[in-house]
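Overview (structure and organization)
Listed below are the residues making up each chain.
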Amino acid sequence: MISADIASYLPLILIGLAVLVFVIWLIARGGRKARVVEDDSAPGIARDVLAEGAAPAPRNQALIDAPRAIDIIQGPLSAAANAQPTAAAPLGTDAEAGPEIAPAPAPEPEPAPAPAPRPGAGDDLTRIKGLGPKIAALLGGFGITTFAQIAAWTPEEVERIDAKLGRFSGRITRDQWVEQARLLAAGDESTFAEQFGRNG
């Protein structure tokens, strides 16, 4: 049985619960991003109120108003440089001439790869100890096919090529490819055999 004190507060508790449910309903309804309404012209098809001309979201408008990436990269001067001359200022007149626009510097060309030797002009790079057919194929892809090319490598080139060898990296220095290539390019077979052994 409910006590007399609780019974006297029961109507207030019920009113408080009703108000709480109403507030939760308002919050849930107000938190929806878009309202879907029935289209009178085609029953059963729902449309979004944003499609009826509602204003775009502020973040979308900011994207629309943002400058184009090409304008950011080239700067505002590029638009003036590409502008067509008007009838009011014919070409060749100095009247009301604006500031002279310097052309953008040309990008520096990438260094050309080493020229690939003619077919049949390459050496058998597998004669170098520690340089097998797979590595020879890799080097051929880089345009390196002769002992003379390897013999001319600088320490910077050794480091650059070694970084491209993947799982074979470290072999250039460890197996002394440059020293071997110098002897083979010079045709000094006897010194090569003394220092690095005979080729099989």
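Up top is the structure.
An account of the accompanying structure is given in this report. (Residues numbered from 1 in each chain as written. Predicted model: local features only at pLDDT ≥ 70, side-chain atom pairs only at ≥ 80, totals over all residues. Heavy atoms only, no water.)

**As for the packing of aromatic side chains**
For the coordinates displayed, the defined rule picks out two aromatic pairs. Taking 5.6 Å as the distance between ring centres and 40° as the angle between the ring planes, the aromatic pair formed by F192 and F196 counts as tilted. Note that F192 and F196 are positioned in helix α10 (residues 189–196) at a spacing of four residues, about one turn of the helix. Accessibility classification places F192 together with F196 in one group, the buried group. (Phe/Tyr/Trp six-rings, centres within 6.5 Å; stacked < 30°, edge-to-face > 60°. Helix = DSSP H or I, 4+ residues; strand = E, 2+ residues; numbered from the N terminus. Buried < 20%, exposed > 50% of the residue type's maximum accessible area, 1.4 Å probe, protein only.)

**Considerations on the environment of E189**
Topologically, E189 is positioned in helix α10. Apart from residues lying up to four places away in sequence, E189 is in contact with R127 and L184. A polar atom in the side chain of E189 sits 2.6 Å from the side chain of R127. (Contact = heavy atoms within 4.5 Å. Polar contact = N/O pair within 3.5 Å; in protein donor to acceptor, adjacent residues only side chain to side chain.)

**Concerning the side chain of Q180**
Its place among the elements puts Q180 in helix α9 (residues 177–186). Taking relative accessible area as the criterion, Q180 reaches 0% and is therefore assigned buried. The residues touching Q180, leaving out its near neighbours within four places in the chain, are R127, I128, K129, D175, F192 and F196.

**Looking at the pattern of salt bridges**
For the coordinates displayed, the defined rule picks out two salt bridges. Measuring nitrogen to oxygen at the nearest pair gives 3.6 Å for the salt bridge that ties R174 to D175. (Salt bridge = Lys/Arg side-chain N within 4 Å of Asp/Glu carboxyl O.)

**So, the nonpolar core**
Counting residues in hydrophobic clusters, the biggest one holds 23 residues, and the most contacted among them are I128, L131, L139, I150, W153 and W177. Secondary structure elements with two or more residues in this core: α5 (133–141), α6 (147–151), α7 (155–164), α9 and α10. No other element matches α9, which puts five residues into this core. With residues near it in sequence (within four places) discarded, I150 still touches L125, I128, L131, L139, I144, W177, V178 and A181. (Core = buried A, V, L, I, M, F, W, Y, C linked by side-chain atoms within 4.5 Å.)

**Let's talk about the side chain of D162**
Inspection of the secondary structure assignment puts D162 in helix α7. One buried charge, D162, has no salt-bridge partner; the nearest side chain with opposite charge is R171, at 8.4 Å. With residues near it in sequence (within four places) discarded, D162 still touches F168, S169, G170, R171 and I172. (Lys, Arg positive; Asp, Glu negative; His and termini not counted.)

**Describing α10**
Within α10, the full set of buried residues consists of F192, A193 and F196. Looking straight down α10, one finds that the buried residues subtend no more than 100° of arc, so they occupy a single side. Those residues of α10 that are exposed and aimed more than 90 degrees away from the buried face are E194 and Q195. Looking at the buried positions of α10, the neighbouring elements they touch are α9. Taken from the residues just after α10, G197 is the one with a positive phi, measuring 90°. (Arc of directions from axis to C-beta.)

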